[in-house]
Amino acid sequence: MPDSPAAAPEHGRFRLNLLILSIVKFNFASYLTIGLPLAVLPGFVHDGLGYNAFWAGLVISLQYIATLLSRPHAGRYADMWGPKKVVVLGLVGCLLSGICILLSALSDGQGVLSLVLLCLGRVILGIGQSFSGTGTSLWGVARVGSLHIGRVISWNGIVTYGAMAIGAPLGVVIFRSGGLLLLSSIIIAISVLAIALALPRAPVKGSKAKPLPFRDVLSKVYGFGLILAMGSAGFGVIATFITLFYQDKGWDGAAFALTMFSAAFVGTRLLFPNAINKLGGLRVASICFSVEAMGLFLVAGSFDPWMAKMGAFLTGAGFSLVFPAIGVVAVKVVPQQNQGSALATYTAFMDLSLGITGPIAGFIMSYAGVSLVYFLTALLVCLALFCTLRMIKRMPE
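The structure displayed is predicted, hence computed values, not measured ones.

Draft legend 1. Quick look at the overall build of the protein chain. When you go through the protein chain residue by residue, the secondary structure sums to 14 helices and 0 strands. Listing each helix as α and each strand as β along the protein chain from the N terminus yields α-α-α-α-α-α-α-α-α-α-α-α-α-α. For a compact globule of 397 residues, the expected C-alpha radius of gyration is about 21 Å, and the protein chain comes in at 21 Å, within 12% of that figure. A principal-axis box enclosing the C-alpha atoms of the protein chain has dimensions of 55 × 50 × 40 Å. For the protein chain, with 397 residues in total, the buried portion stands at 53%. Within the protein chain, residue pairs in contact and separated by at least 24 positions form 84% of the contacts whose partners lie at least 6 positions apart. For the protein chain, the computed accessible surface area is about 17000 Å², with 70% contributed by carbon and sulfur atoms. Once the 26 positive and 12 negative side-chain charges of the protein chain are each reduced to a mean point, those two points are 13 Å apart.

Right under this line is the structure:
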């Protein structure tokens, strides 16, 4: 029997969460294949293959570029084919990326070939991630109904960050135990297991209605995407520059500040699963931006390590619900048959924000110091808050 949105109201909260987790676990698997090699590949390229830092960085960045460019296509195909097929294709991409890493490990005596295989694998992984991430969100919504879209997006985010947090250190341990061969074999095994679990599940049919052209979808969601991009900058500067901020201050404990950020991010999503349904997406987003801005201002003006840690904590708590809160509103401005394209296009603004935040903030930091980066980012989040409040007046929920 096909998955039915109408079944959602019969589930209690616990069963509802289990139903969502039964779908977003596939995104957990895809992000685990991303996290496992994340801390290993730069060192392998630099030390193992003998390439400079540019190539080591490029191998990592290729995945994010591929994800950004393929997001709109993932959404469109999810609308046309149904989300299950898109999720399976995404997991196949994860599998192929693991095979590329395996072949690279087997050919590490041939530096150019090994590097090309790694780059190819990263591009395929980026495409796979955009397909699996977008597909699991829409698959989850199709199972539990659009009323719970915020909860689905929130759980998708939790498993995403959880998989990355687990995968990166675990990948280092695996690499030290068995090298790139063992690491790639585990990535392949995770992908095969996820595909085997996904294939028997009942599909959700794609829409037969004619989808809107991409430019029309973009014209409807770009305002929400720009607000998301401004809010995502806070996450970007914490993740990228908090270590340099601590070094500039002569403090220890930057890793703990990142832990505080992550704990607040996940904790907020777990503690307030119904906030979006109760208050409305835009109102929740306005509260989140206020908290995020306070956190960034606190980091910028900190003169003691505890202030920076508390600032990172508030930034994580504030940013936590920004994506699902605005996303709930963004996907509702298009017809149902275009919600996949809308969600993917909306998500691409966060990809773009995280991609450009590092270089821009790094340029500012090199001339004006790292504290100014956090102050300016706090002002940017305040601008996002202002735009959100204006949007509430124009389109009350």
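Draft legend 2. Focus on helix 2 (residues 41-48). Of all the residues in helix 2, the buried ones are L41, F44 and V45. The arc that holds every buried residue of helix 2, seen down its axis, measures 95°, which confines them to one face. Trailing helix 2 by a residue or two, G50 shows a phi angle of about 85°, which is positive.

Draft legend 3. Expanded view of the pattern of salt bridges. Scanning the entire structure with this criterion turns up 1 salt bridge. Measuring nitrogen to oxygen at the nearest pair gives 2.8 Å for the salt bridge that ties R71 to D351. Of this pair, R71 sits in helix 3 (residues 53-81) while D351 sits in helix 13 (residues 339-368), and the two are 280 residues apart along the sequence. For R71, a relative accessible area of 6% gives the class buried.

Draft legend 4. The layout of surface pockets, seen in detail. If you add up the space inside the largest pocket, you get close to 1600 Å³. What lines the largest pocket is a set of 48 residues, and nearest its centre among them are Y64, Y161, M164, F235 and L354. Counted by class, the lining of the largest pocket contains 26 nonpolar, 19 polar and 3 charged residues.

Draft legend 5. The side chain of T160, seen in detail. Its place among the elements puts T160 in helix 6 (residues 149-198). Setting aside residues up to four positions removed in sequence, T160 forms contacts with N27 and Y31.

Draft legend 6. Focus on the packing of helix 2 against helix 5 (residues 111-144). One can describe the packing of helix 2 onto helix 5 by two numbers: an axis separation of 11 Å at closest approach and a directional angle of 165°. The angle between the axes of helix 2 and helix 5 places the two elements in the roughly antiparallel class. For the crossing formed where helix 2 meets helix 5, the hand is left-handed. Residues L41, F44 and V45 of helix 2 form the contact with helix 5, whose participating residues are S114, L115, L118 and R122. Along the lines of polarity and charge, the residues of the contact of helix 2 with helix 5 split into 5 nonpolar, 1 polar and 1 charged.

Draft legend 7. Broad picture of a nonpolar patch on the surface. Where nonpolar side chains cluster on the molecular surface, the patch consists of L96, I99, L103, L106 and L181 and spans about 410 Å² of accessible area. Considering every element that reaches the nonpolar patch, the biggest residue donor is helix 4 (residues 83-106), with 4 residues. You can see L106 is positioned in helix 4. Among the residues examined, L106 registers a relative accessible area of 58% and is labelled exposed.

Draft legend 8. Broad picture of the nonpolar core. Ranked by internal contacts, the top residues of the largest apolar core, which has 73 residues, are F245, F289 and Y374. Of the residues forming this core, the biggest block, 13 residues, is contributed by helix 7 (residues 214-249). With residues up to four places along the chain from it excluded, the contact list for F289 reads I227, G231, V322, I326, V381, A384, L385 and T388. Counting residues in each nonpolar core, the second largest holds 40 residues, with Y31, A142, I188 and A194 among its members.

Draft legend 9. Quick look at the packing of helix 10 (residues 281-300) against helix 11 (residues 305-320). Across the interface, helix 10 lies against helix 11 with an axial gap of 7 Å and an inter-helix angle of 160°. Viewed along their axes, helix 10 and helix 11 adopt a mutual orientation that is roughly antiparallel. Both helix 10 and helix 11 take part in a crossing whose hand is left-handed. Mapping the contact onto sequence places C288, V291, E292, G295, L296, L298 and V299 in helix 10 and M307, A308, M310, G311, A312, L314, T315, G318 and F319 in helix 11. For the contact of helix 10 with helix 11, the residue count by class is 11 nonpolar, 4 polar and 1 charged.

Draft legend 10. Here's a closer look at the side chain of T315. Tracing the backbone through its elements, the reader meets T315 in helix 11. You can call T315 buried: its relative accessible area is 0%. When neighbours within four sequence positions are excluded, T315 is seen to be in contact with G234, I238, F261, E292, G295 and L296.

Draft legend 11. Just the confidence of the model for the protein chain, in detail. Across the protein chain, the average pLDDT comes to 83, with 92% of residues at 70 or higher. Confidence drops under a pLDDT of 50 for residues 1-11, and excluding neighbours within four residues, the segment shows 20 contacts in the predicted structure.

Rules used throughout
- Residues numbered from 1 in each chain as written.
- Predicted model: local features only at pLDDT ≥ 70, side-chain atom pairs only at ≥ 80, totals over all residues.
- Heavy atoms only, no water.
- Helix = DSSP H or I, 4+ residues; strand = E, 2+ residues; numbered from the N terminus.
- Rg over C-alpha atoms; globule rule 2.2 N^0.38 Å.
- Buried < 20%, exposed > 50% of the residue type's maximum accessible area, 1.4 Å probe, protein only.
- Contact = heavy atoms within 4.5 Å.
- Areas by Shrake-Rupley, 256 points an atom, 1.4 Å probe, with all protein chains shown as cover.
- Lys, Arg positive; Asp, Glu negative; His and termini not counted.
- Charge placed at Lys NZ, Arg CZ, Asp CG, Glu CD.
- Arc of directions from axis to C-beta.
- Salt bridge = Lys/Arg side-chain N within 4 Å of Asp/Glu carboxyl O.
- 1 Å grid on protein atoms, 1.4 Å probe; cavity = no way out; pocket = protein on both sides within 12 Å on 5 of 7 lines; lining within 4 Å.
- Points joined across faces, edges and corners; volume = space filled by probe spheres on them.
- Nonpolar A, V, L, I, M, F, W, Y, C, P; charged D, E, K, R; others polar.
- Axes fitted to C-alpha atoms, helices over the stretch in contact; angles between N-to-C directions.
- Parallel < 35°, antiparallel > 145°, perpendicular 65-115°, else oblique.
- Left-handed = near helix turned anticlockwise from the far one by under 90°.
- Patch = residues over 30% accessible without salt bridge, like charges linked within 9 Å, V, L, I, M, F, W, Y side chains within 5 Å.
- Core = buried A, V, L, I, M, F, W, Y, C linked by side-chain atoms within 4.5 Å.
- pLDDT = per-residue confidence, 0-100.

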